[in-house]
Amino acid sequence: MTLNETIARLRAAHLMVRDAHEWDSLSAALSAAYNSGDDDLIEQLQQPFVQSWRTVTHYVLRDTFDAAGISVGDPSQPWGIATLTANGISREPVLCHVDPADPQGSAVAAADGPKLLTFAEAMTFYADCLTPLFEHVSQGQALNVR
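This section reports on the structure supplied with the text. Values in this document were obtained by computation on a predicted structure and should not be read as measured data. (Residues numbered from 1 in each chain as written. Predicted model: local features only at pLDDT ≥ 70, side-chain atom pairs only at ≥ 80, totals over all residues. Heavy atoms only, no water.)

**Here's the deal with the nonpolar core**
For step 1, the next point in the chain: Formed by 33 residues in total, the largest nonpolar core has its most connected members in Trp 53, Ile 70, Trp 79 and Leu 130.
For step 2, the next point in the chain: Listing elements by their share of this core, those giving two or more residues are helix 1 (3–17), helix 2 (20–36), helix 3 (39–60), strand 2 (83–86) and helix 5 (119–137).
For step 3, the next point in the chain: For this core, the element with the most residues is helix 5, which contributes 7 residues.
For step 4, the next point in the chain: With residues near it in sequence (within four places) discarded, Leu 130 still touches Leu 3, Thr 6, Ile 7, Leu 10, Phe 65, Ile 70 and Leu 84. (Core = buried A, V, L, I, M, F, W, Y, C linked by side-chain atoms within 4.5 Å. Buried < 20%, exposed > 50% of the residue type's maximum accessible area, 1.4 Å probe, protein only. Helix = DSSP H or I, 4+ residues; strand = E, 2+ residues; numbered from the N terminus. Contact = heavy atoms within 4.5 Å.)

**Details of the packing of helix 1 against helix 3**
For step 1, the next point in the chain: Running from N to C, helix 1 and helix 3 cross one another at 125°; their axes reach a closest spacing of 10 Å. By the angle class used here, helix 1 and helix 3 are oblique. Seen from above, helix 1 lies across helix 3 with right-handed handedness. Seen from helix 1, the contacting residues are Ala 13, His 14, Met 16 and Val 17; seen from helix 3, they are Trp 53, Val 56, Thr 57 and Val 60.
For step 2, the next point in the chain: Of the residues that constitute the contact of helix 1 with helix 3, the class distribution is 6 nonpolar, 2 polar and no charged. (Axes fitted to C-alpha atoms, helices over the stretch in contact; angles between N-to-C directions. Parallel < 35°, antiparallel > 145°, perpendicular 65-115°, else oblique. Left-handed = near helix turned anticlockwise from the far one by under 90°. Nonpolar A, V, L, I, M, F, W, Y, C, P; charged D, E, K, R; others polar.)

**Regarding the sheet that holds strand 1 (residues 71–73)**
Strand pairing in a sheet relies on backbone hydrogen bonds, with the paired strands running either antiparallel or parallel.
For step 1, the next point in the chain: One open sheet accounts for 3 strands, arranged 1-2-3; its pairing is antiparallel. Pairing within the sheet leaves two strands with one partner each, and these edge strands are strand 1 and strand 3 (89–91). Sheet twist, expressed as the mean angle between neighbouring strand axes with direction ignored, is 25°.
For step 2, the next point in the chain: Across 3 bridges, the pairing between strand 2 and strand 3 is antiparallel. (Pairing = 2+ DSSP bridges.)

Right under this line is the structure:
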């Protein structure tokens, strides 16, 4: 399985659950709840939003990741989707902007909440997380990463 095939399946699987506009609307509603300090709405939206991303990755894409030689584990961050590992290299795609200066890659959470990613941004970040895993999936095997 190539990187491009995996990314295409990743995108398609998430779009089977919700279209990009619905993902973006949920992200915007949750951001608005943080901005307004509406703890009840945050509680109502956050868990289902994060869990949807995690469920697609852990269950719908299991065969895709297995075929690519990538194991899927639980995320270490509250906004993490999963921990993806291949040949000792691990990456964790997240649903919000992260501080690159933080060695743990923890999500930046201002007083008004994390800056959540749009669907397109999340897909780009996810693809960026996958790229180094494919570079190390098979040391002697050339993969198409165009």
